[in-house]
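Descriptive analysis of the structure
If you want the building blocks of each chain, they are given just below.
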Amino acid sequence: MRRLARPVAARAALAALVLLAPLALGRLGSLGTLGSLGATRAHAASAPPPPPPPPTPLPTAAPTYHPTLQLSAPGGAAGAALIAVASDFPPTGQVTVYWDGAYLARGTTDDGGYLSLRTAVPHAAADGPHEVRAVGPSHTTAGAAFTVATPPAPVYHPHVALSLTHARAAMGTVLTADVTGFAPNQDVTLAWDHVGGASPGAHAADANGDTSFDIVLGVDPTPGVGTHRLYAAGTHPTLSTSASFTVDPPPPPPPACGGVGFTVPFINWAVCLDPFGALGSWLAHGATAGADAIGAQVATDLTTQQDYTQISELWTRSANT
């Protein structure tokens, strides 16, 4: 009986050990876990906190442009100068300007998206409205309207006039004709006796419609001796004016000198001394082109001082004529 009781007791003790062993191991594991947690907490308490995560970047919005196009004038003639000003386009971008869809000009904006282009209205542009459009980067565009209108021909109500420096003169005289009141820059033609007659000259009027002519009678086309009319006509044949002018015959030549003849220096007067004591003096300008041919004849006596005085006075009057 004792031998049988011992094996039973041993088996009961082994079974109890088998049952209690997991519990003992679990407690030991718990103690180890607690120790690990304590160590982790102690390490965590001594280490600095981690930095916060970087902020999430917000999406960047694309820049917004409000492009505009301005023209230096709302309208004008074909070929007129034109300035196109583009504003609020993308900076440092290429902008192309089109006229009714056809290329007109191109340029690059500055850092502020501004551009000024100097161009011209196409010469072939027809009268009427047209579109001018600027196209830049990032699908930016702006337009402006321009109206082409051919200006009407100017209508003048002039008071044309022709004035002459002489009312009459002989061949060799310089006749100045002053013309006023014509259209600016209009061609003005002089003509003798009728519009379209023999012309001594043609000039373009200045910006005020004025011009001047110098006519050398006998060198430039000149009519014969007598009274004539000098006409000044503009481009339009009905726009003309005229003035009366008389061409004088040349002065008669001095008679042949029967005595001693000589010429007074500097004034070019011819003097003839009669060998019998009487003075026949013919005073005349030298026959040089462009000088007045005015003459006078004196017959007197050189026996007294009064004769010299008369000749001196005659020379003075003739020189001032």
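Everything that follows concerns the structure shown earlier in this document.
Description of the structure in this document. (Residues numbered from 1 in each chain as written. Predicted model: local features only at pLDDT ≥ 70, side-chain atom pairs only at ≥ 80, totals over all residues. Heavy atoms only, no water.)

**A short note on the nonpolar core**
Of all hydrophobic cores here, the largest spans 21 residues; its most connected members are Leu 69, Leu 71, Trp 99, Val 121, Val 132 and Phe 146. Here the element with the most residues in this core is strand E8 (residues 141–148); it accounts for 4 residues. Setting aside residues up to four positions removed in sequence, Phe 146 forms contacts with Leu 71, Ala 73, Pro 74, Gly 75, Gly 76, Leu 82, Trp 99, Val 121, Gly 128, Pro 129, His 130 and Val 132. (Core = buried A, V, L, I, M, F, W, Y, C linked by side-chain atoms within 4.5 Å. Buried < 20%, exposed > 50% of the residue type's maximum accessible area, 1.4 Å probe, protein only. Helix = DSSP H or I, 4+ residues; strand = E, 2+ residues; numbered from the N terminus. Contact = heavy atoms within 4.5 Å.)

**Let's talk about the pairing of strand E11 (residues 174–180)**
Direction of pairing for strand E9 (residues 161–164) relative to E11: antiparallel, over a ladder of 4 bridges. When the sheet's bridge partners are listed, Leu 164 is paired in E11 with Ala 177. Bridge count for E11 against strand E14 (residues 211–216) is 6 bridges, and the pairing is antiparallel. Its bridge partner being in E14, Asp 178 is matched across the sheet by Ser 212. (Pairing = 2+ DSSP bridges.)

**A closer look at the side chain of Thr 241**
With respect to the element layout, Thr 241 can be found in strand E16 (residues 240–248). Given the relative accessible area of 14%, Thr 241 is considered buried.

**Remarks on the sheet that holds E14**
The 3 strands are arranged E9-E11-E14 in an open sheet whose pairing can be described as antiparallel. Looking at which strands have only one partner, the edges of the open sheet turn out to be E9 and E14. Here the average twist between neighbouring strands, direction ignored, is 20 degrees. (Axes fitted to C-alpha atoms, helices over the stretch in contact; angles between N-to-C directions.)

**Considering the pattern of salt bridges**
Side chains that carry opposite charge are capable of pairing whenever their charged atoms lie near each other. In this structure the tally under the stated criterion is 2 salt bridges. A salt bridge links Glu 131 to Arg 133; the shortest N-O distance between them is 3.1 Å. The partner of Arg 168 in a salt bridge is Asp 248, and the shortest N-O contact between them spans 2.7 Å. Placement of Arg 168 in strand E10 (residues 168–170) and of Asp 248 in strand E16 is noted, with a sequence separation of 80 residues between them. (Salt bridge = Lys/Arg side-chain N within 4 Å of Asp/Glu carboxyl O.)

**Let's talk about unusual backbone geometry**
Its identity as a non-glycine residue notwithstanding, His 139 has a phi of 60 degrees, on the positive side. Within the element layout of this structure, His 139 appears in the loop between strand E7 (128–135) and E8.

**Re the sheet that holds strand E5 (residues 102–108)**
Taken in spatial order, the 5 strands of this open sheet run E2-E8-E7-E4-E5, and their pairing is mixed. Two strands lie at the open edges of the sheet, namely strand E2 (75–76) and E5, each paired on one side alone. Here E2 runs beside E8; their pairing, made up of 2 bridges, is parallel. Across the sheet, Gly 76 pairs through a bridge with Val 148, a residue of E8.

**Notes on the pairing of strand E12 (residues 187–192)**
Note: E12 against strand E13 (residues 201–204), 4 bridges, orientation antiparallel. When the bridges of E13 are listed, Asp 187 appears paired with Ala 204. Where E12 lies against strand E15 (residues 226–233), 4 bridges are found, and the strand directions are antiparallel. Counterpart to Ala 191 in the pairing with E15 is Tyr 231.

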